[in-house]
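A look at the structure
Chain by chain, the residues run as shown.
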Protein chains: 2
Amino acid sequence: MAKIQDAISELEHTFGDKLSQTQSIRDLHGQNETYFAAMPPDAVFFPETSEDVAAAVKICAKHGCPIVPWGVGTSLEGHALAVKGGVTFSFQNMASVIEILPQDLSVRVQPGVTREVLNQELRATGLFFPIDPGANATIGGMAATRASGTTAVRYGTMRENILAMTVVMADGCIIKTGTRAKKSSAGYDLNHLLIGSEGTLGIITELTLKLHGQPEAIGAAICAFPSVERAVNTTIQCIQMGIPVARMELVDAISMKCINAYSKTDYPEEPHLFMEFHGTKASVTEQSQMVETIAQELGGNGFQWTTKPEERTQLWSARHTAYWAIKAHWPERQGMSTDVCVPISQLAEAIAAAQKDVAAHGLPGPIVGHVGDGNYHVLLLSDPNQPSELQVAKDIAARMAEHALQLGGTITGEHGIGMGKMALLESEYGPSVQTMSAIKRALDPQNILNPGKIIRIN
Amino acid sequence: MAKIQDAISELEHTFGDKLSQTQSIRDLHGQNETYFAAMPPDAVFFPETSEDVAAAVKICAKHGCPIVPWGVGTSLEGHALAVKGGVTFSFQNMASVIEILPQDLSVRVQPGVTREVLNQELRATGLFFPIDPGANATIGGMAATRASGTTAVRYGTMRENILAMTVVMADGCIIKTGTRAKKSSAGYDLNHLLIGSEGTLGIITELTLKLHGQPEAIGAAICAFPSVERAVNTTIQCIQMGIPVARMELVDAISMKCINAYSKTDYPEEPHLFMEFHGTKASVTEQSQMVETIAQELGGNGFQWTTKPEERTQLWSARHTAYWAIKAHWPERQGMSTDVCVPISQLAEAIAAAQKDVAAHGLPGPIVGHVGDGNYHVLLLSDPNQPSELQVAKDIAARMAEHALQLGGTITGEHGIGMGKMALLESEYGPSVQTMSAIKRALDPQNILNPGKIIRIN
């Protein structure tokens, strides 16, 4: 790959220590959180400014060298793997909060800042950035995958919480998308086109985010149910009634069993809903009472709720540790997370079919889900020493995705396409994928930006 | 224009009565609501299905004939004028509510349905579609211009309230954008790329909209202020405190004078805020009390509020008649509405500068605005018999737009670019306009979809 080596030579000459070809650094940027094989890049670039990124992209463009943007590597569909080699752009040195604009409820950040660091820096302002995908991901990575998580039911996803971005395009041109105004009808919505484009159309180098006021009161609640169906039906009723829940999470019976073992707790090993309510004290009380009534009518039992911080933390700790508890329960197995999202009215049917399919194939498949959005994850655990099990897991995941499409939903609520769902994207969008390809070819004619992700380009 | 006539001949042959070349029909589709000269198309096509649209687009594409989509013609920047001739596609025969999905809080509609008809059809369900741009526009037109209006401060704009669309592209291909699921990370966000693209990238033939539950209680309030600045500062504080106002509208002193004359009322001829609160009874009361406290601290007087429907209607009637009252006050003048939107912290400064500029040039320029979003309109009234006055108005509008950009805002909060703001789009986005042009050329290489709008294509 002379073109890649030529690009690296020129980058090295221009940027010196900002470029690394050390094996350990390359290896670190070739890992992923899921079942894909490691694929290290040929070099890792650590830019410090948008101008660094632009200059480096121009060099890569000149030589036709692939570029892979990297946040902290928590994505779940192999988004940041260097499948065609090339140079990974790591944003660890572009990780600052640039400017907090409390009067406009917004903040300017660099892409490498993580959501936890951002919220630490915001704490004194009384504002917070609500999007919580679980992992302590970078804001740039969350934007690139259109991430969401537990609070999206109330605050929306990254799609709804980015006002503007600075983006370096495939020719090294630096553009702005969006403005600091709350709304705009000025031209094509490049901001939303770039959000969720997984580094394949441009490289995000700055973001202006919406912030929200820390609620006056926060209430937390949990409730057990005799079946997943009843927990889900409770969720559906709450959403249909317009109760503005801030979080509404399902944890199934197997997951609760794992949690009890991991955290030495004694929750009933039944499906649970974990909920959070944000608002004034009166509103939080009102919301929790409404939900409790619905839950009880549907057979929920042991509804507990509190607004005290330490008790809230305790109530929610089971949900927060679920992923690790599941991993610890099957330490030898590797996880593949499904991620379908369906219209709320179809949620009970979708989950029931998934449970049946998983049960029929003998793989462990605990379920947790952002059910308030119609989004849930089956963590399919396969034995890496039995390659046929990974295929069984992939087949189950594909059937869940196809079923979600039949129900009017999507193959991915929040994880994105990456390498793992390129074929399924065709199932979801059919001829729309040709439109996506036309845009990709127009904006990145050499296919140097994160090649091999989202859509196949010849 | 042989190519246009060739297309019309073939359309006539294929569609018979669905195509009209009658002068009166053409003239009706060559009008606009503002200062642009009439520009009728060569023919008007009345499709009945997405397939009709697709077949007609294929014919137009074959002959290179321009296509202009038409809702009801209420846009304010000349969006639906046939500047290059060609065929206007009117959606008056695609104006049905297709399917109400109350359990998913959504509805499928054809693009020609107006928002008032939609809400009439929804009434029995307890749900409503909140976006209210003032005019009884079509949903397709509102999507195409990324419209918003008085309720966007609470419910968002069209950008936030469209789940999915069916769109006919420039080659006649029918694609889907989005799904019925509440969120998705599947591929490029074509849904948002098409929303606000003003008919230049594709023709919307179906939409799936988000609906909202009719609030349990609605409160309305008005309050007079000794200055626009104090009214605006009240707004800024309410937004910064996170009070979830459903409407927050400024009407300035001149507009109040027009309203008194038009409606035989005796409001103080001072700047007013008109507000609406949605929620439970307790929440509505709480919100109005918080706003009243802020307003009083800032010198507001005569704060009135009510939750009774007939009193609400009466309180808000002044705001609803403002446009007509202003037009009636200067019946000989033509209006040009500015539409900037700025970060909320910059709103007082933006409006003060606009008032000063208007006052210095002697044109009437009453102000109304969706100030909760940082968006406001100066209605610049010029004498059509004195062409220099129109130029004065255009110059004032351009200065307001440039000032909004300096303040971090946008040249258009909700009206769009159309023909009127193409040069200003360059000021707002600079090199981003090249990215927009690349997308336009990729998706509509012949430039047949609403040519002469948003961006200049050679």
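No experiment lies behind these values; they were computed from the predicted model shown.

With that out of the way, let us pick up the interface of chain A and chain B. The figure often quoted for interface size is the accessible area lost as the parts come together. Taken residue by residue, the interface counts 75 residues in chain A and 74 residues in chain B. When the two sides are added together, the surface that chain A and chain B hide from each other amounts to roughly 5900 Å², 57% of it contributed by carbon and sulfur. The three residues of chain A that bury the most area against chain B are K183, S185 and Y188 of chain A, which together make up 17% of that side's buried surface. The tally of links from chain A across to chain B stands at six salt bridges. Here K182 of chain B makes a salt bridge to D373 of chain A, at a shortest N to O gap of 2.7 Å. Counting across the chain A and chain B interface gives 44 residue pairs in polar contact (both at pLDDT 80 or more). Elements that contribute at least two residues to the side of chain A that touches chain B include exactly α6 (152-155), β9 (174-178), α7 (190-194), α8 (228-240), α14 (422-429) and α15 (432-443) of chain A. The dominant element in the side of chain A that touches chain B, judged by the number of residues it contributes, is α15 of chain A, at eight residues.

Once that is clear, we can look at the relation of the copies chain A and chain B. Mapping chain A onto chain B calls for a rotation angle of 180 degrees and an axial translation of 0.0 Å; the resulting RMSD is 0.0 Å. As the rotation angle and translation indicate, the two copies are arranged about a two-fold axis. Both copies share a contact surface, since 99% of the interface residues of chain A are interface residues in chain B too.

Residue and element names in this part refer to chain A. Summarising the sheet, strand β8 (residues 162-169) and β9 pair through five bridges and their orientation is antiparallel. Within β9, the position partnered with V168 by the bridge is I174. In this antiparallel pair of consecutive strands, β8 and β9, the connection spans four residues, and G172 shows a positive phi of 85 degrees.

It is worth spelling out the side chain of T179 of chain A at this point. Examined against the element boundaries, T179 of chain A turns out to sit in the loop between β9 and α7. Note on T179 of chain A: relative accessible area 11%, which makes it buried. At 3.0 Å, the side chain of T179 of chain A and the backbone nitrogen of A181 of chain A are in polar contact. Among residues more than four places away in sequence, those in contact with T179 of chain A are L163 and A164 of chain A together with G408, G409, T410, E428 and Y429 of chain B.

As used here, a disulfide is simply a covalent bond connecting the sulfur atoms of two cysteines. All chains considered together, the criterion is met by zero disulfides over all chains. C65 of chain B supplies the cysteine sulfur nearest to C60 of chain B, a cysteine that is in no disulfide, at a spacing of 4.2 Å.

Residue and element names in this part refer to chain A. Inspection of the entire model under this criterion finds 12 aromatic pairs over all chains. With 5.0 Å between their ring centres and 75 degrees between their planes, F45 and F89 make a pair best called edge-to-face. Of this pair, F45 sits in strand β2 (residues 43-45) while F89 sits in strand β4 (residues 87-90), placing them 44 residues apart in sequence. The class of F45 is buried, set by a relative accessible area of 0%. We classify F89 as buried; its relative accessible area is 0%.

Before going further, it helps to examine unusual backbone geometry. All names here are of chain B. The phi angle at L105 is positive, at roughly 50 degrees, despite the residue not being glycine. According to the relative accessible area criterion, L105 is buried, its value standing at 18%. Notably, E198 is not glycine yet its phi reads approximately 55 degrees, a positive angle. Here E198 shows up in the loop between α7 (190-194) and β10 (202-210).

Our next topic: the packing of helix α12 (residues 347-361) of chain A against helix α13 (residues 387-406) of chain A. Residue and element names in this part refer to chain A. Look at α12 against α13: their axes get within 10 Å of each other, and the N-to-C directions meet at 160 degrees. By the angle between their axes, α12 is roughly antiparallel relative to α13. α12 and α13 meet at a crossing whose hand is right-handed. Here E349, A350, A353, A354, D357, V358 and H361 of α12 come into contact with α13, specifically with V392, I396, R399, M400 and H403. When grouped by side-chain class, the residues that make up the contact of α12 with α13 number seven nonpolar, two polar and three charged.

Now for the sheet that holds strand β1 (residues 19-20) of chain B. All names here are of chain B. With respect to topology, four strands assemble into an open sheet ordered β1-β2-β4-β3, the strand pairing being mixed. Strand pairing shows two members of the sheet lacking a second neighbour, β1 and β3 (67-70), which therefore form its edges. Across two bridges, β1 lies against strand β2 (residues 43-45) in antiparallel orientation. Within β2, the residue paired with L19 across the bridge is F45. Packing of helix α3 (residues 50-63) onto the sheet brings it into contact with β2, β3 and β4 (87-90), and relative to β4 it is tilted by some 175 degrees.

Residues and elements named next belong to chain A. In β4, alternate side chains face the same way, and those of V87 and F89 on one face and T88 and S90 on the other are all buried. Bridge count for β2 against β4 is three bridges, and the pairing is parallel. What sits directly across from F45, in β4, is F89. Sheet analysis places strand β3 (residues 67-70) next to β4, joined by four bridges and oriented parallel. Residue pairing in the sheet places V68 in a bridge with T88 of β4.

This part takes up α12 of chain A. Residue and element names in this part refer to chain A. For α12, spanning 15 residues, the distance from its first C-alpha to its last is 22 Å, which sits close to the expected 21 Å at 1.5 Å a residue. Within α12, the full set of buried residues consists of L347, A350, I351, A354, D357 and V358. The arc that holds the buried residues of α12, viewed along the axis, is 130 degrees, so those residues lie on one side. What points out from α12, more than 90 degrees from its buried face, is the exposed set K356, A359 and A360. Each element contacted by the buried residues of α12 is listed here: α8, β13 (247-251), β17 (367-370), β18 (375-382) and α13. Following α12 by one or two positions, G362 adopts a phi angle in the positive range, close to 75 degrees.

Residue and element names in this part refer to chain A. Helix length check: helix α3 (residues 50-63), at 14 residues, gives a terminal C-alpha distance of 20 Å against a target of 20 Å (1.5 Å per residue), a fit within 8%. In terms of burial, α3 is largely enclosed, as 10 of its 14 residues are buried. If you check which residues of α3 are buried, you get S50, D52, V53, A54, A56, V57, I59, C60, A61 and H63. Taken from the residues just after α3, G64 is the one with a positive phi, measuring 65 degrees.

Residues of chain A with pLDDT of at least 70 account for 100%, and the chain-wide mean is 96. This complex was scored by the predictor with a pTM of 0.97 and an ipTM of 0.97.

Conventions adopted
Residues numbered from 1 in each chain as written. Chains lettered and ligands numbered in written order. Predicted model: local features only at pLDDT ≥ 70, side-chain atom pairs only at ≥ 80, totals over all residues. Heavy atoms only, no water. Contact = heavy atoms within 4.5 Å. Buried area = accessible area lost by both parts, 1.4 Å probe. Salt bridge = Lys/Arg side-chain N within 4 Å of Asp/Glu carboxyl O. Polar contact = N/O pair within 3.5 Å; in protein donor to acceptor, adjacent residues only side chain to side chain. Helix = DSSP H or I, 4+ residues; strand = E, 2+ residues; numbered from the N terminus. Least-squares fit on C-alpha atoms with pLDDT ≥ 70 in both. Pairing = 2+ DSSP bridges. Buried < 20%, exposed > 50% of the residue type's maximum accessible area, 1.4 Å probe, protein only. Disulfide = S-S within 2.5 Å. Phe/Tyr/Trp six-rings, centres within 6.5 Å; stacked < 30°, edge-to-face > 60°. Axes fitted to C-alpha atoms, helices over the stretch in contact; angles between N-to-C directions. Parallel < 35°, antiparallel > 145°, perpendicular 65-115°, else oblique. Left-handed = near helix turned anticlockwise from the far one by under 90°. Nonpolar A, V, L, I, M, F, W, Y, C, P; charged D, E, K, R; others polar. Expected span 1.5 Å × (residues − 1). Arc of directions from axis to C-beta. pLDDT = per-residue confidence, 0-100.

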